[in-house]
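Structural characterization, general
Next come the chains, spelled out residue by residue.
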Amino acid sequence: MNTKLGAIHVPPASLFVIPITRCPTGIPHLQRVGVGYVATISATVIGAVIERKRKGVAEAHGLPDSGNQVPMSVMWSGLQFFVLGINDVTTFVGLLEFFNTEVSRGMKSLGTAIFFCNIGLASFISSIVVNVVNKVTRHGGIGWLEGSNINRDYIDRFYWLLSVLGSWVS
């Protein structure tokens, strides 16, 4: 690509990274994946904190059952999604680069296929986790995530549970 920004020549980022890490890709592939796992746990912790704050604002303004908007900017959730973006960039790229550089030639396509199967399996498992959490937390009423009023549900507790599960699985 053209590396000029107007009249300024911008050198490739790899020129800055190689002397520091002595790795041509900047960070080794598996360390990138590890950064992604830490980002996932961080994102769920951030989500729990922001959801607790949102519910607190709703309760302070007497809005839990009104159905009106909570006077809190939706931009607060941007931090969580930014950290999830870091997860996607580091984990997905790290795993795909690992399969394309470290795995033997005959296993490259199989490794990439396994990677994408893991994404599908994770989606399936996430729906199972939601159903199990709702069954376990029902206690004669509705579960943490089953209600029709987000101000009365316990999404913050669900995020904390995901944080604990994420740190245990990682």
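**Notes on the overall build of the protein**
In terms of regular secondary structure, the protein is built from 5 helices and 2 strands. Written out in order from the N terminus, the α and β elements of the protein read β-β-α-α-α-α-α. The proportion of buried residues among the 170 residues of the protein is 26%. Taking all contacts inside the protein whose residues are at least 6 apart in sequence as the whole, residues at least 24 apart take part in 61%.

**A word on the pattern of salt bridges**
All chains considered together, the criterion is met by 7 salt bridges. Shared partners join several salt bridges into a network, and the residues in it are Arg52, Lys55, Glu59 and Asp156.

**Considering helix H2 (residues 29–60)**
Between its terminal C-alpha atoms H2 stretches 46 Å, which fits the 46 Å expected from 32 residues at 1.5 Å a residue. Count one or two residues on from H2 and you reach Gly62, which has phi positive near 65 degrees.

**Side note on the packing of aromatic side chains**
Scanning the entire structure with this criterion turns up 3 aromatic pairs. Where Phe92 meets Phe115, the ring centres are 5.5 Å apart and the plane angle is 80 degrees; that geometry is what we call edge-to-face. Placement of the pair is Phe92 in helix H3 (residues 76–101) and Phe115 in helix H4 (residues 108–136), with a sequence separation of 23 residues. Assessed through its relative accessible area of 5%, Phe115 is described here as buried. Note on Phe115 and Phe116: the rings are 5.0 Å apart at their centroids and 70 degrees apart in plane angle, and the pair reads as edge-to-face. What links up through ring pairs into an aromatic cluster is the set Phe92, Phe115 and Phe116. The residue whose ring lies beneath Lys53 is Trp76, and the NZ or CZ to ring-centre distance is 5.2 Å. The aromatic ring of Tyr154 is capped on one face by Arg157, whose charged end is 4.0 Å from the ring centroid.

**Quick notes on the layout of surface pockets**
Counted as a void, the largest pocket has a volume near 1100 Å³. In terms of lining, the largest pocket is formed by 26 residues, of which the most central are Thr40, Asn118, Ala122, Ser123 and Ser126. Secondary-structure elements contributing two or more residues to the lining of the largest pocket are H2, H3, H4 and helix H5 (155–169). Take the lining of the largest pocket: its biggest share by element is 10 residues, from H4. When grouped by side-chain class, the residues that make up the lining of the largest pocket number 16 nonpolar, 9 polar and 1 charged. The volume enclosed by the second largest pocket comes to roughly 300 Å³.

**What about the packing of H4 against H5?**
It is the contact of H4 with H5, at a shortest axis distance of 12 Å, that shows an interaxial angle of 125 degrees. Taken together, the axes of H4 and H5 are oblique relative to one another. The handedness of the crossing between H4 and H5 is right-handed. Judged by residue contacts, Val129, Val130 and Val133 of H4 engage Phe158, Leu161 and Leu162 from H5. For the contact of H4 with H5, a count of residues per class yields 6 nonpolar, no polar and no charged.

**Re a nonpolar patch on the surface**
Taken together, the side chains of Leu121, Phe124, Ile125, Ile128, Val132 and Val136 define a hydrophobic patch exposed on the protein surface, amounting to about 550 Å² of accessible area. Looking at the secondary structure, you find Leu121 in helix H4. Relative accessible area serves as the criterion here: at 45%, Leu121 is assigned to the partly exposed category.

**Observations concerning the confidence of the model for the protein**
Looking at the protein as a whole, the pLDDT averages 85, with 87% of positions reaching at least 70. Confidence, expressed as mean pLDDT per element, reaches its minimum in the protein at helix H1 (residues 14–21) with 55 and its maximum at H2 with 93.

Calculation notes
- Residues numbered from 1 in each chain as written.
- Predicted model: local features only at pLDDT ≥ 70, side-chain atom pairs only at ≥ 80, totals over all residues.
- Heavy atoms only, no water.
- Helix = DSSP H or I, 4+ residues; strand = E, 2+ residues; numbered from the N terminus.
- Buried < 20%, exposed > 50% of the residue type's maximum accessible area, 1.4 Å probe, protein only.
- Contact = heavy atoms within 4.5 Å.
- Salt bridge = Lys/Arg side-chain N within 4 Å of Asp/Glu carboxyl O.
- Expected span 1.5 Å × (residues − 1).
- Phe/Tyr/Trp six-rings, centres within 6.5 Å; stacked < 30°, edge-to-face > 60°.
- Lys NZ or Arg CZ within 6 Å of the ring centre and 35° of its normal.
- 1 Å grid on protein atoms, 1.4 Å probe; cavity = no way out; pocket = protein on both sides within 12 Å on 5 of 7 lines; lining within 4 Å.
- Points joined across faces, edges and corners; volume = space filled by probe spheres on them.
- Nonpolar A, V, L, I, M, F, W, Y, C, P; charged D, E, K, R; others polar.
- Axes fitted to C-alpha atoms, helices over the stretch in contact; angles between N-to-C directions.
- Parallel < 35°, antiparallel > 145°, perpendicular 65-115°, else oblique.
- Left-handed = near helix turned anticlockwise from the far one by under 90°.
- Patch = residues over 30% accessible without salt bridge, like charges linked within 9 Å, V, L, I, M, F, W, Y side chains within 5 Å.
- Areas by Shrake-Rupley, 256 points an atom, 1.4 Å probe, with all protein chains shown as cover.
- pLDDT = per-residue confidence, 0-100.

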